[in-house]
Amino acid sequence: MEGVDHLAHERNKAQFDVAVMKAVWAGSRDAYELFHRFSRLVANDPEMFIPAIKAQATEEQQKQWLPLANKMKIIGSYTQTELGHGSNVRGLETTATFDPKTDEFVLNSPTLTATKWWPGGLGKIATHALAHARLIIDDKDYGVHGFLVQLRSLDDHLTLPGITIGDIGMKYGSGAYNTMDNGSLIFDHVRIPRNQMLMRLSQVTREGKYVPSNVPRQLSYGTMVYVRQKIVFDASIALSRAVCISTRYSAVRRQFGSHNGSPETQVIDYKTQQARLFPLLASAYAIRFVSEWLNSFYKDLLQRLEAKDFSTLPEAHACTAGLKSITTSVAADGIEECRKLCGGHGYLTSSGLPELSAVYIPACTYEGDNVVMLLQVARYLMKTISQLKSGNKPVGTTAYLGRAEQLMQYHSDVLRAEDWLKPNVVVEAFEARAARMSMACAQNLSKFNNPEDGFQELSADLVEAATAHCQLIIVSKFIEKLQQDIPGKGVKEQLGVLRSIYALFLLHKHIGDFLSTDCITPKQGYLANEQLRSLYSQVRPNAIALVDAFNYTDHFLSSVLGRYDGNVYPKLYEEAWKDPLNDTSIPDGFHEYVQPMLKQPLHHGRL
Ligand SMILES: CC(C)(COP(=O)(O)OP(=O)(O)OC[C@H]1O[C@@H](n2cnc3c(N)ncnc32)[C@H](O)[C@@H]1OP(=O)(O)O)[C@@H](O)C(=O)NCCC(=O)NCCSC(=O)CCCC(=O)O
Ligand SMILES: Cc1cc2nc3c(=O)[nH]c(=O)nc-3n(C[C@H](O)[C@H](O)[C@H](O)COP(=O)(O)OP(=O)(O)OC[C@H]3O[C@@H](n4cnc5c(N)ncnc54)[C@H](O)[C@@H]3O)c2cc1C
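Residues numbered from 1 in each chain as written. Chains lettered and ligands numbered in written order. Predicted model: local features only at pLDDT ≥ 70, side-chain atom pairs only at ≥ 80, totals over all residues. Heavy atoms only, no water.

Novice: I'd like to hear about the overall build of the protein, residue by residue, with values.
Specialist: Counting secondary structure elements, the protein contains 21 helices and 11 strands. A globule of 607 residues ought to have a C-alpha radius of gyration of about 25 Å, and the protein, at 27 Å, matches this closely. Each principal axis of the C-alpha distribution contributes one length, and for the protein these read about 90 × 80 × 60 Å. Within the protein, buried positions represent 53% of all 607 residues. Looking at the protein alone, contacts between residues at least 24 apart form 74% of all its contacts between residues at least 6 apart. For the protein, the exposed area adds up to about 27800 Å²; of that, 56% sits on carbon and sulfur atoms. Within the protein, the 64 negative side-chain charges are centred at a point lying 2 Å from the centre of the 63 positive side-chain charges. (Helix = DSSP H or I, 4+ residues; strand = E, 2+ residues; numbered from the N terminus. Rg over C-alpha atoms; globule rule 2.2 N^0.38 Å. Buried < 20%, exposed > 50% of the residue type's maximum accessible area, 1.4 Å probe, protein only. Contact = heavy atoms within 4.5 Å. Areas by Shrake-Rupley, 256 points an atom, 1.4 Å probe, with all protein chains shown as cover. Lys, Arg positive; Asp, Glu negative; His and termini not counted. Charge placed at Lys NZ, Arg CZ, Asp CG, Glu CD.)

Novice: Can you break down the sheet that holds strand β7 (residues 163–167) residue by residue, with the values?
Specialist: Each strand in a sheet pairs with its neighbour through backbone hydrogen bonds, running either in the same direction (parallel) or in the opposite one (antiparallel). The sheet built from 3 strands is open, its strands ordered β4-β8-β7 with antiparallel pairing. The sheet is open, and its two edges are formed by β4 (116–117) and β7, each paired on a single side. (Pairing = 2+ DSSP bridges.)

Novice: Help me get a handle on helix α20 (residues 568–576), residues and values and all.
Specialist: For α20, the complete set of buried residues consists of Val568, Lys571 and Leu572. Considered in projection along α20, the buried side chains sweep an arc of 105° and stay on one side of the axis. The elements touched by buried residues of α20 are α6 (222–252). (Arc of directions from axis to C-beta.)

Novice: How would you sum up the UniProt feature "domain: Acyl-CoA oxidase C-terminal" (unreviewed entry) in the protein? Please name residues and give values.
Specialist: Here, UniProt's "domain: Acyl-CoA oxidase C-terminal" (unreviewed entry) annotation points to residues 423–599. Taken end to end, residues 423–599 is 71% helix and 0% strand, and its first and last C-alpha atoms sit 73 Å apart. (UniProt positions renumbered as here; feature names shortened; annotations may be inferred.)

Novice: An account of the pairing of strand β3 (residues 104–108) is requested, with residue identities and associated values reported.
Specialist: Judged by how many residues are buried, β3 sits mostly within the fold: 4 of 5 residues are covered. Alignment of strand β2 (residues 95–99) against β3, held across 5 bridges, turns out to be antiparallel. Paired with aspartate 99 across the strands is glutamate 104, a residue of β3. Hairpin geometry of β2 and β3 is characterised by an intervening segment of 4 residues between the two adjacent antiparallel strands and by a positive phi of about 55° at aspartate 103. Examined bridge by bridge, β3 and strand β9 (residues 190–193) share 4 bridges and lie antiparallel to one another. Within β9, the position partnered with leucine 107 by the bridge is valine 190.

Novice: Give me the environment of glutamate 493: which residues, what numbers.
Specialist: Tracing the backbone through its elements, the reader meets glutamate 493 in helix α15 (residues 491–509). Along the primary structure glutamate 493 and glutamine 409 are separated by 84 residues, whereas in three dimensions their C-alpha atoms are 33 Å apart.

Novice: I'd like to hear about the site of ligand 2, residue by residue, with values.
Specialist: Near ligand 2 there are 19 residues, and of these Tyr78, Thr81, Ser87, Gly120 and Asp369 occur at the shortest range. The contact in question runs from an oxygen atom of ligand 2 to an N or O atom on the backbone of glycine 86, over 3.1 Å. Taking glycine 120, its main chain carries an N or O atom lying 2.9 Å from an oxygen atom of ligand 2. In isolation ligand 2 exposes 980 Å². Once the protein is present, 65% of that is buried. For the shell around ligand 2, the class distribution of residues is 9 nonpolar, 8 polar and 2 charged. (Near = heavy atom within 4 Å. Polar contact = N/O pair within 3.5 Å; in protein donor to acceptor, adjacent residues only side chain to side chain. Nonpolar A, V, L, I, M, F, W, Y, C, P; charged D, E, K, R; others polar.)

Novice: Got a sec to walk through the confidence of the model for the protein? Specific residues and values, please.
Specialist: For the protein, the mean per-residue pLDDT works out to 94, and 96% of the residues sit at or above 70. Counted against residues more than four places away or in other chains, residues 41–46, with its pLDDT under 50, gives 21 contacts. Scoring of the predicted complex yields 0.96 for pTM and 0.98 for ipTM. (pLDDT = per-residue confidence, 0-100.)

Novice: Explain the domain arrangement of the protein to me, and be specific about the residues and the numbers.
Specialist: Along its sequence, the protein is organised into domain 1 (74–215) and domain 2 (222–546). For domain 1 and domain 2, the distance between their C-alpha centroids amounts to 37 Å. Listed by partner, the interface residues are 11 residues for domain 1 and 13 residues for domain 2. Summed over both sides, the interface between domain 1 and domain 2 buries roughly 880 Å², with carbon and sulfur atoms accounting for 68% of that surface. At the junction of domain 1 and domain 2, the tally comes to 0 residue pairs in polar contact (both at pLDDT 80 or more). (Domains from an automatic or database assignment. Buried area = accessible area lost by both parts, 1.4 Å probe.)

Novice: Which residues make up the nonpolar core, and what are the values?
Specialist: Counting 153 residues, the largest nonpolar core has Leu281, Tyr285, Trp420, Leu495 and Phe550 as its most contacted members. Of all the elements, α6 adds the most residues to this core, at 18 residues. Once you skip the residues sitting within four places of it in the chain, phenylalanine 550 turns out to touch Trp25, Ser240, Val243, Cys244, Leu281, Ala284 and Tyr285. (Core = buried A, V, L, I, M, F, W, Y, C linked by side-chain atoms within 4.5 Å.)

Novice: I'd like a rundown of the pairing of strand β6 (residues 140–150), residues and numbers included.
Specialist: Judged from the 9 bridges that link them, strand β5 (residues 128–137) and β6 form a sheet pairing that is antiparallel. Bridged to leucine 130 within β6 is leucine 148. Connecting the antiparallel pair β5 and β6 is a turn made up of 2 residues, with aspartate 138 showing a positive phi of about 50°.

Novice: Go over the UniProt feature "active site" (unreviewed entry) in the protein with me, naming the residues and quoting the values.
Specialist: Per the UniProt record, the feature "active site" (unreviewed entry) sits at Glu367. Position of glutamate 367 relative to the elements: it lies in the loop between α9 (353–360) and α10 (370–386). A relative accessible area of 12% places glutamate 367 in the buried class. Among residues more than four places away in sequence, those in contact with glutamate 367 are Met48, Met224, Val227, Arg228, Ile231, Lys324 and Met373.

Written out as structure tokens, the structure is:
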């Protein structure tokens, strides 16, 4: 019935202050940024053009271009990926050749695979591209740099001479990513003034002299670091949306279990449903908290870079690349699991889940393919380990590797299931697992004469070691979050339950790592799983309140299954009748194609 809260009985069970939990979930982000991040997920605005100008343009160039971009006087596309190269940025083929006679760069797509392909906004709407191209001076190739190129007239929006632009066509399903005009672009000797090469990091003088960057060349990749840390926050939004929908629906849906006319069982009470759903609920909170830490780490990096302190740049790259990879994979897989948790109705568009999945899953690819990103983390870990011998003491997220020798001797001293509730017990197990996996890789790598051959041969193991490292970061940041002062009745306790669920679910899922590295015994693994079941029972009465704390409107969720009031069935039915198919009783084509078959006489008893 309209206006009735069908989930009131669930909300009344909450054992914590929901208003405080809402504030903890929102964290340090103001309402605008939360809305902007939400809208990015729905509107998919490619928000890289402006950050890239800020990162790679001189002050003078910023003064010229940022006001135009901020006021939408020009619409920019971050145009890096090509048909033939996306992951391998150093393999990009587009060229920008300096012409000293005219003080211009000539942009050209020398091959079909040099065609720019995928950039958001490029297909129909962008007027300018921040094009990544190989800088060529006097036939010498100086590698990939950024160039601002006007693509379309600001009067009639027609493409300019030498520019061939198109949309790359429909993408996965009917998802909202089809509202994004990911485009293709071919340059045919397009000329731009020299001052449209972004010259904050390296320059080309009027005489055609290349002035290399006096800062790490990787700063030219800075926009990707910026967006990757944002994508971790987006993962917490996407996953929490799906978890909110499937948790509320799991409390509404009843199936089996009726005795003597009693109501059937709420599917949220089935242990299998809890074992699938509650780790995702815990993961949403875990990803949110690690995104907060990563955002502050990134802001600290920016301050350091301003002071020409590049000391945390490698770690920032490893953390943004690795956490982008891990959290988008968890969110993408989690959204699909949430669809399955809703049974048949989860497959309806009106559930909001198919659309969310179709829009979200490319996050595992864009801004760095997730495996390629974990390989970057692996390189960083192997480099860190190789420097241990020279006395280099790792800090920050690799500090545990400085205690590798000690961790190699570690054996968990868990005796009872509840021992796994102690944060230090969990962290030690995760540190030992990660350290042993990385040390094992480093040891195997040392057997290869050519380290790169070894890296390729061992890349699958290295990805697993990188995964263990990133999961340790997320577990650690969840624990650190709860060491903060968090007010409100029962809030910290509930977050503690979620923290333990997140860690012990990972331990259970990756039990092979923990056993094969001899960090824990099978019995200790069994006790961890025992503890998980008990934790699920502690979440159960709070589940609806924990997803209410995400504070999502029904409009934002756009899901009949995830409605705040739980009034699912009438709304499912109502929504179905909005389908144009239901405008008529007899479907189009019936009279032409079906009725003749029905009217066909039987021949010898056969149709
Ligand atoms: C995979 C790499 C990192 C490889 O780069 P490379 O130059 O070949 O470097 P390497 O030899 O592996 O490493 C050399 C060195 O560079 C470091 N490094 C690499 N990347 C970064 C970084 N971002 N910040 C800081 N440092 C970085 C590496 O750690 C290496 O360091 P080292 O020399 O070992 O100390 C790079 O090609 C890359 O980032 N590929 C992914 C491309 C990508 O992410 N494209 C995104 C396009 S935009 C997009 O998708 C938009 C999404 C849509 C939306 O957001 O809406
Ligand atoms: C929805 C969407 C939006 C996008 N928006 C933009 C945009 O706005 N601007 C832009 O410039 N680009 C954009 N892209 C492109 C995107 O950045 C690239 O697709 C992404 O970086 C992956 O690169 P790739 O396509 O070359 O994948 P590939 O690298 O070709 O990946 C193919 C397979 O090869 C594997 N692989 C590749 N290299 C290695 C290696 N060294 N070791 C082991 N395995 C490897 C990968 O893991 C993967 O399994 C977008 C892409 C999508 C899907």
